[in-house]
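Structural description and commentary
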Amino acid sequence: MLPSPLDSSTSYLSTSAIVALCVFFALLCACIIVGHLLEENRWANESITSLLLGLCSGVVVLLVTKFHSTEILIFNEDLFFLYLLPPIIFNAGFQVKKKQFFRNFTTILLFGVLGTVISFCLISLGAFLLFNTIGITNLDIKDHLAIGAILSATDSVCTLQVLSQDETPFLYSIVFGEGVVNDATSIVLFNSVQSLDFRSINAITVLKLLGTFLYLFCTSTALGIAVGLLSAYIIKTLYFGRHSTDREVALMMLMAYLSYMIAELLNLSGILTIFFCGIVMSHYTWHNVTESSRTTTKHAFATISFIAETFIFLYVGMDAFDIDKWKRSKASIGTSVAVSSTLIALVLIGRAAFVFPLANLANCTKTRESTKIEFRSQFIIWWAGLMRGAVTIALSYNQFSKSKMASAEDSLMITSTIILVLFSTVVFGSITKPLIKAVKLRHSKPSISDSTDIQEDLRLLFLESNCSINQSNNQAFHRQSSFRLMIRYPTTTVHYFWRKFDDKFMRPIFGGRGFVPVVPGSPPAEEDLS
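Report on the accompanying structure.

Cut-offs applied
- Residues numbered from 1 in each chain as written.
- Predicted model: local features only at pLDDT ≥ 70, side-chain atom pairs only at ≥ 80, totals over all residues.
- Heavy atoms only, no water.
- Patch = residues over 30% accessible without salt bridge, like charges linked within 9 Å, V, L, I, M, F, W, Y side chains within 5 Å.
- Areas by Shrake-Rupley, 256 points an atom, 1.4 Å probe, with all protein chains shown as cover.
- Salt bridge = Lys/Arg side-chain N within 4 Å of Asp/Glu carboxyl O.
- Helix = DSSP H or I, 4+ residues; strand = E, 2+ residues; numbered from the N terminus.
- Buried < 20%, exposed > 50% of the residue type's maximum accessible area, 1.4 Å probe, protein only.
- Contact = heavy atoms within 4.5 Å.
- Expected span 1.5 Å × (residues − 1).
- Phe/Tyr/Trp six-rings, centres within 6.5 Å; stacked < 30°, edge-to-face > 60°.
- Lys NZ or Arg CZ within 6 Å of the ring centre and 35° of its normal.
- Axes fitted to C-alpha atoms, helices over the stretch in contact; angles between N-to-C directions.
- Parallel < 35°, antiparallel > 145°, perpendicular 65-115°, else oblique.
- Left-handed = near helix turned anticlockwise from the far one by under 90°.
- Nonpolar A, V, L, I, M, F, W, Y, C, P; charged D, E, K, R; others polar.

1. Quick notes on a nonpolar patch on the surface
A surface patch of nonpolar side chains, about 370 Å² in accessible area, is lined by Leu 125, Phe 128, Leu 129 and Leu 130. Along the polypeptide, Leu 125 turns up in helix 6 (residues 105-134).

2. Digging into the environment of Leu 216
Mapped onto the secondary structure, Leu 216 falls in helix 10 (residues 203-238). What makes Leu 216 buried here is its relative accessible area of 7%. Spatially, the C-alpha atoms of Leu 216 and Leu 189 are 9.2 Å apart, while their sequence positions differ by 27 residues. Discounting residues that sit within four places of it in the chain, Leu 216 has contacts with Val 188, Asn 191, Ser 192, Asn 267 and Leu 268.

3. Re helix 2 (residues 15-37)
Because each turn of an α-helix spans 3.6 residues, side chains separated by three or four positions end up pointing in the same direction. With 23 residues, helix 2 should reach 33 Å at 1.5 Å per residue; the first-to-last C-alpha distance of 33 Å fits that figure. Taken as a whole, helix 2 has its buried residues at Ala 20, Phe 24, Leu 27, Leu 28, Cys 31 and Gly 35. Contact partners of the buried residues in helix 2: helix 3 (46-64) and helix 13 (291-319).

4. Comments concerning the packing of aromatic side chains
For the coordinates displayed, the defined rule picks out 25 aromatic pairs. With centroids separated by 5.9 Å and ring planes inclined at 40 degrees, the aromatic side chains of Trp 498 and Phe 501 adopt a geometry described as tilted. Linking Trp 498 with Phe 501, this pair stays in helix 21 (residues 490-510), spanning three residues, or about one helical turn. Judged by relative accessible area, which is 39%, Phe 501 ranks as partly exposed. Ring pairing ties together the aromatic residues Phe 356, Phe 375, Phe 379, Trp 382, Trp 383, Phe 423 and Phe 428, which thus form one cluster. The ring of Trp 286 is capped by Arg 294, whose NZ or CZ atom sits 5.8 Å from the centre of that ring.

5. Side note on the packing of helix 11 (residues 245-265) against helix 12 (residues 270-283)
As a packed pair, helix 11 and helix 12 sit with axes 8 Å apart at the nearest point and diverge in direction by 150 degrees. Comparing their axes, helix 12 and helix 11 come out roughly antiparallel. Here helix 11 and helix 12 pass one another in a crossing that is right-handed. Along its contact with helix 11, which presents Met 252, Met 255, Ala 256, Ser 259, Tyr 260, Ala 263 and Glu 264, the element helix 12 presents Gly 270, Ile 271, Thr 273, Ile 274, Cys 277 and Met 281. In terms of residue class, the contact of helix 11 with helix 12 is made up of nine nonpolar, three polar and one charged.

Right, dumping it as structure tokens:
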């Protein structure tokens, strides 16, 4: 008897793997089609659509398998961290409006780093105090700190799909930048907690936690910048485009992914590394390739990121119906609701505890009224960080499913985290679009225009030139004026001197905007991505 076509095609492949891939690819196509049809819908967006399709698919799989087989629903954190997350973060750095991002960099760091640390502390303390009253007593101090780091990881995709970079550039850059820095900070905090011994807590332990956090943050950023500069130097020097544009596109992709893997190999933050690698590549490497490669890379990175993002929400939705972990939790409906409600309340309080105070603190340092964060924008920033996503679930799995013999309370924490993600994404996410339209951000006060920046740069240039003319007679006045400008306009002053340094030293070595390869037929310089 001849084997069937299916048996022949699966002689070297697992049938279950083929079925799983067919299901996910079909669902990805469905998500794109449904998302297109619901583009103008008031309540729906692509994230919610993907999540709901995943939930529906999970129900269908359970019914087909008669509640026995759930292998297709298992959430694999290695798949998430190694293959799905890197293209999303890299594209975020590659496509970021660098001028807006670095103009608001101090505010982004204020929310993304200090705010995340505040949220981490409050959520950890709240979990420690409230879980005991619910009856969850088997979690140790490391578990409570891990919960703080897990729940501090936000997912602002729903809000970013509604905001417009052109209509609200300042608010978009804050929400976008804080989202990326927040995820990186949460993972760095999580890794820092895992690396320390909390059996004897004292001031030294706290200092070690702070030192580990700063070390991971700085070294990860430096690694990303280094790999980005290396890619720019190689492509500028060798200019692969003279023979094949495919080579330079492939090299950009591989070196970006290599930066992430090296960071993970060295136990650093891969998110920070690949994000800043993307920024450096868009500033230098992208301008060193051919014109066709520029178009290809820009759309290829965005497409891969979109597919990975949609895949993640599908994955999370289907995994929510993995019946095994719900059985292992052995928790009553009342206990599960109590734990999930506690987590949601901690997220709301932890978010509000730093957004509004830090926003007003940032306003105190701004001299112009137009640069201050008004209350409506503060509210949107607070709301954008209420959603939780795949990073939260992946970290929860990492902490509470270390073995197949996970305790009932470990399984309860995973299921409660899934409930939190589903509730925040579906409920908060569906309200996001009408909420933003209700506060009428389009009619809020405009952000600083580019002409204002140009005028400030010209004024700085005039003052510096004037001071340099009289430098031999009054060097002290030159230093005093520069220091005064630095204090009064720190962002603009730093940007001005950075541009001088970049034009004089960096671009001659690494290329960038305005770089024209010496090879005949090379493309003309294009405007910067930002």
